[in-house]
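# Structural description and commentary
This is what each chain is made of:
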Amino acid sequence: MPHEPGTTKFQIDLRRHLREQNICDNLVHLICEIAEAGKYVINAVRTGDLGVAGTSNLYGEEQLALDVLSDRIIKKRLIHSGVVCSILSEEMDEVLNVKPEADGLYSVGYDPLDGSSLVDVNLAVGTIVSIHSGCTLLKPGRSQVAALYILYGPRVSLVYSVGKGVHEFTMNHLMEYTLTRENITMQPAGNIYSPGGLRNKYCEGVEKFVRYLEAKGAKLRYSGGFVPDINQILLKGKGIFMYPALNGSPKGKLRLLFELNPMAYLIEQAGGSASNGSIPILDIMPDEIGQLEPVFIGCKDDVEKALEFLNEE
Ligand code: AHM
Ligand code: MG
């Protein structure tokens, strides 16, 4: 049942809101466990070691101590939740099978601390989570049963969807997540653009699209953190984020399973869209766990316009 705007002052908490979605108890429990893990991750972000871990991930990127710690915090919570059978994160080389397949279990793909290299300059970062029912993670994003992110900024917020709208919760002084915005919706078009990657490596179609955005007076809003950049577009209800194919990186930079799929699910739930330039992100059948895809995500008409420029090429 939708809550009246005024009722948020009674602090509807995440668990109560999830229970009202008529989803199974295991999924309520799982999302609450991830939200709890976020409290330890923000503590690590605020006070933890900013150095390198001395290891690298599947993508050959140097792991920071904070990446490793955040991954450990979330993984442990997922394993002990009792409702998860497979786990995969940006910091893991392979899927971790936690339990034998059984009814009512979930698989979780996550990026524990996206944008971690921004912590040392005190910019916002986040955790991104994709949830499927059953134990297979190599499935199109369309089959996700839930997606969420936790944004660690000046405030901590959690945005989730279980396929029944997109809702934002903000952490209060007692570290409880309380409802701040319900049923977030996006306008058909907006005037914010958030372009990732190096412009001198864009193909001609993307370059023309950026010139079109500049000419129409769209505002450049790019922090280098996928979670805060998407959060801005989603909560303002307008704009487009892209991390296109680059000269030398034909699949861009962002990972399908734990970055793009959950964000595409949330944005579509809010009335927006997400494409890799050819097909909707959520319809891509992944071939491998570390798959990268280019992305254009945000207001429907803006994504459509980007595709027009790409197709003209
Ligand atoms: P990460 O998962 O290693 O932190 O990388 C993902 C981040 C995103 O938050 C952001 O959109 C993108 O990388 C920016 O990358 P770059 O600055 O390298 O273009
Ligand atoms: Mg990431």
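Residues numbered from 1 in each chain as written. Chains lettered and ligands numbered in written order. Predicted model: local features only at pLDDT ≥ 70, side-chain atom pairs only at ≥ 80, totals over all residues. Heavy atoms only, no water.

Let us look at the site of ligand 1. Residues in contact with ligand 1 amount to 17 residues; listed here are only the nearest, Glu-90, Asp-114, Gly-115, Phe-226 and Tyr-243. Measuring from an oxygen atom of ligand 1, one finds a side-chain N or O atom of Lys-253 at 2.9 Å. One of the side-chain N or O atoms of Glu-259 is found 3.1 Å from an oxygen atom in ligand 1. In isolation ligand 1 exposes 470 Å². Once the protein is present, 78% of that is buried. At the level of secondary structure, the elements contributing two or more residues to the shell around ligand 1 comprise strand E5 (106-114) and strand E13 (240-243). (Near = heavy atom within 4 Å. Polar contact = N/O pair within 3.5 Å; in protein donor to acceptor, adjacent residues only side chain to side chain. Areas by Shrake-Rupley, 256 points an atom, 1.4 Å probe, with all protein chains shown as cover. Helix = DSSP H or I, 4+ residues; strand = E, 2+ residues; numbered from the N terminus.)

Turning to the domain arrangement of the chain, a few remarks are in order. Taken as a whole, the chain is organised into domain 1 (7-181) and domain 2 (192-312). The straight-line distance from the C-alpha centre of domain 1 to that of domain 2 is 22 Å. Contacts between the two partners involve 44 residues from domain 1, matched on the other side by 33 residues from domain 2. Summed over both partners, the interface of domain 1 with domain 2 buries about 3,000 Å², with 65% contributed by carbon and sulfur atoms. Of all residues in domain 1, the largest losses of buried area upon contact with domain 2 belong to Leu-138, Arg-142 and Tyr-149, amounting jointly to 22% of the total for that side. The tally of links from domain 1 across to domain 2 stands at four salt bridges. A salt bridge links Arg-255 to Glu-90, with the nearest nitrogen and oxygen atoms 3.5 Å apart. Counting every contact that joins domain 1 to domain 2 gives eleven residue pairs in polar contact (both at pLDDT 80 or more). Looking at the side of domain 1 that touches domain 2, the elements that each hand over two or more residues are strand E3 (84-89), E5, strand E6 (125-133), strand E7 (144-152) and strand E8 (156-161). Per element, the largest residue contribution to the side of domain 1 that touches domain 2 is eight residues, and it comes from E7. (Domains from an automatic or database assignment. Contact = heavy atoms within 4.5 Å. Buried area = accessible area lost by both parts, 1.4 Å probe. Salt bridge = Lys/Arg side-chain N within 4 Å of Asp/Glu carboxyl O.)

Following both chains from N to C, one finds helix H5 (residues 226-236) and helix H6 (residues 256-269) inclined at 10°, their axes separated by 11 Å at the closest point. Our classification of the angle between H5 and H6 gives roughly parallel. Where H5 approaches H6, its residues Phe-226, Val-227, Ile-230 and Leu-234 are matched on the opposing element by Glu-259, Leu-260, Met-263, Leu-266 and Ile-267. Grouping the amino acids of the contact of H5 with H6 by side-chain chemistry returns eight nonpolar, no polar and one charged. (Axes fitted to C-alpha atoms, helices over the stretch in contact; angles between N-to-C directions. Parallel < 35°, antiparallel > 145°, perpendicular 65-115°, else oblique. Nonpolar A, V, L, I, M, F, W, Y, C, P; charged D, E, K, R; others polar.)

To continue, consider the pattern of salt bridges. Inspection of every chain in the model, using the stated rule, returns 17 salt bridges. A salt bridge links Glu-308 to Lys-305, with the nearest nitrogen and oxygen atoms 3.3 Å apart. Of this pair, Glu-308 and Lys-305 both sit in helix H7 (residues 300-312), three residues apart, roughly one helical turn. Taking relative accessible area as the criterion, Glu-308 reaches 41% and is therefore assigned partly exposed. Taking relative accessible area as the criterion, Lys-305 reaches 25% and is therefore assigned partly exposed. Within this structure, Glu-61, Glu-90, Arg-255 and Glu-259 form a network of salt bridges that share partners. (Buried < 20%, exposed > 50% of the residue type's maximum accessible area, 1.4 Å probe, protein only.)

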